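# Coordinate inspection notes
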Amino acid sequence: MNYKAYMLHNYKTLPQIANLSEDLIEAIDVVGSVLPFKTNNYVVENLIDWSRVPNDPIFTLTFPRKEMLRSHHYEKIKEAVKSGASKSEIKIAADEIRQKLNPHPAGQLDHNVPRMDGEKVFGMQHKYRETVLFFPGQGQTCHAYCTFCFRWPQFVGMDELKFASRQAEHLTEYISNNDSVTDVLFTGGDPLIMKTKILEAYIRPLLEPGVKNLKHIRIGTKALAYWPFRFITDNDADDLLKLFSDVKKAGKHLAFMAHFNHPAELKHPAVKEATERILETGSVIRTQSPVLKHINDSPQVWAEMLEKQVELGCIPYYMFIARNTGADHYFSLPLVDVWKLFRETYQAVSGICRTVRGPSMSCLPGKMQILGVNEIGDEKVFTLRFIQGRHPDWVAKSFFAKFDDKAIWYTDLKPAFGDEKFFFTDELDKILKPGEVEIDFE
Ligand SMILES: *Cc1c(COP(=O)(O)O)cnc(C)c1O
Ligand code: SF4
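A few points on the structure. (Residues numbered from 1 in each chain as written. Chains lettered and ligands numbered in written order. Predicted model: local features only at pLDDT ≥ 70, side-chain atom pairs only at ≥ 80, totals over all residues. Heavy atoms only, no water.)

## Some points on the sheet that holds strand β6 (residues 131-134)
Spatial strand order, β5-β6-β7-β8-β9-β10-β11-β12-β13-β14-β15: eleven strands in an open sheet with mixed pairing. Looking at the sheet topology across the chains shown, the edges are occupied by β5 (124-128) and β15 (398-402). Taking the axes of each pair of neighbouring strands and ignoring which way they run, one obtains an average angle of 30° across the sheet. Where strand β10 (residues 284-291) and strand β11 (residues 315-321) come together, six bridges link them in parallel fashion. Residue pairing across strands places Gln288 opposite Tyr318, the latter belonging to β11. Strand contacts of helix α13 (residues 299-311): β10 and β11, with the helix running at about 170° to β10, the strand carrying the most contacts. (Pairing = 2+ DSSP bridges. Helix = DSSP H or I, 4+ residues; strand = E, 2+ residues; numbered from the N terminus. Axes fitted to C-alpha atoms, helices over the stretch in contact; angles between N-to-C directions. Contact = heavy atoms within 4.5 Å.)

Here you go:
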């Protein structure tokens, strides 16, 4: 299959669009002027069930819907679009709204950029001791855009991501100089949007004998869901699989952190073929998704998704809580509901599927898991735990927050038992103080 992308300027050429109501088309034009919009021929022809549109989960996953903007924002852009405003006028109005959608959650731009010899190393983030995130310059787009994506600002040109010119050398050097780093996670966008030749230039230097501390290479990708032909019929697919085999031969573990949000993404025969080809190289596929209202907010959907993943040979890894950015008001559920969904999912599947961890919030202090709702003394509390911590010492520590049935993010939580602060508050403030050296992981 040949890849063809559809965006705001050409989606109306799709025959399926002719059957959509005017309201739905207006919503795509209006919301798509603020939040990124891109889909492709495989998604449109194979994953979306057009008889269920607009409530089809994959339609909602890649096509803008009216409710993804708050109504006053929607009206403002609608007016601009309808009155025939120029592109730059629409952009000014859109940028104003974008600024209000919490474009930089969890301190990504400011707090996680590592340093080498005192200089910031762009294109990398180092938040947790063992794992460096790496953003290859050419991998900062995707085969389609998810409407919930927390990286949306980079797709609308708001974040001018900075990249070092000799990125591959910097990555190798940074990892070699930091003994505590065992993992590198290639992320984006979707790194597998890159040609094999480019990806190879980043990965091969990491296989050299000098980079002893690096044990695991991970690639975060949605290609299995949005473009499985990347591993089958793309003209450099065989070279890509050869690269994966070579990672394994060099003694490193290669893991795909595959994003799937709904079982509909797992059903096409190409997904089975692609996973088989990847697994044959000795790599492992781990899966993750946030819980998303209107897309997968049911334990039956989650159970079906996890079972299907295991059937394909994948290992369920993370259940996330939708991040507090972009169209989050449309996708978010109260923490207590996500926790209930996690329990009901867990109860509906066998132990083999229960490798999924969560529900977890990726937030400023770390990855916070909701373990449960408890009554301690006469107080109702959330019991939480750090799966990852900005300070390594926080990992696997549990703590309590006042129960709140409306809380949807950790910033809504207050310490339990009348405490003024959480156990990590002071240390976090210290770590985040501007100008102060970040944690020395060594
Ligand atoms: C999730 C995440 C990682 C990886 O954490 P694991 O628990 O090892 O999978 C690394 N860096 C950042 C910033 C993350 O959010
Ligand atoms: S594939 Fe990942 S990075 Fe790309 S739009 Fe979807 S969630 Fe965002």
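There's plenty left to go through after this.
## Regarding the pairing of β11
Among the seven residues in β11, six count as buried, and that is most of the element. Since β10 and β11 lie parallel, the crossover through α13 that links them has a hand, and here it is right-handed. By the bridge criterion, two bridges tie β11 to strand β12 (residues 357-363) in an arrangement that is parallel. Counted as the bridge partner of Tyr318 is Arg357 from β12. (Buried < 20%, exposed > 50% of the residue type's maximum accessible area, 1.4 Å probe, protein only. Right-handed = clockwise from strand over helix to strand, strands pointing away.)

## Side note on the packing of aromatic side chains
Under the defined criterion, the tally for this structure stands at 31 aromatic pairs. Here the aromatic rings of Phe400 and Phe417 are separated by 5.6 Å at their centres, their planes lie at 65°, and the arrangement is edge-to-face. Here Phe417 lies in the loop between β15 and α16 (425-432) and Phe400 lies in strand β15, a separation of 17 residues in the sequence. A relative accessible area of 31% places Phe400 in the partly exposed class. The rings of Phe386, Trp394, Phe399, Phe422, Phe423 and Phe424 are connected pair by pair, giving a single aromatic cluster. Across from the ring centre of Tyr226, 4.7 Å away, lies the NZ or CZ of Lys222, which sits over that ring. (Phe/Tyr/Trp six-rings, centres within 6.5 Å; stacked < 30°, edge-to-face > 60°. Lys NZ or Arg CZ within 6 Å of the ring centre and 35° of its normal.)

## A word on helix α5 (residues 87-99)
Taking 1.5 Å of rise per residue, the 13 residues of α5 would be expected to cover 18 Å, and the 18 Å separating its terminal C-alpha atoms lies within 8% of that figure. By the burial criterion, the buried members of α5 are Ile90, Ala93, Ala94, Ile97 and Arg98. The buried residues of α5 all sit within an arc of 145° when viewed along its axis, so they share a single face. Turned more than 90 degrees away from the buried face of α5, the exposed residues are Ile92 and Gln99. On the buried face of α5, the contacting elements are α4 (71-82) and α7 (152-155). (Expected span 1.5 Å × (residues − 1). Arc of directions from axis to C-beta.)

## Some details on the site of ligand 2
With respect to spatial proximity, the complete set of residues near ligand 2 consists of Cys142, Tyr145, Cys146, Cys149, Phe155, Gly189, Lys222 and His259. A molecule is said to occupy a pocket when more than half its atoms come within 2 Å of that pocket's grid points, and by this definition ligand 2 occupies the largest pocket. Its residues assigned to classes, the shell around ligand 2 shows five nonpolar, two polar and one charged. (Near = heavy atom within 4 Å. 1 Å grid on protein atoms, 1.4 Å probe; cavity = no way out; pocket = protein on both sides within 12 Å on 5 of 7 lines; lining within 4 Å. Sits in = over half its atoms within 2 Å of the grid points. Nonpolar A, V, L, I, M, F, W, Y, C, P; charged D, E, K, R; others polar.)

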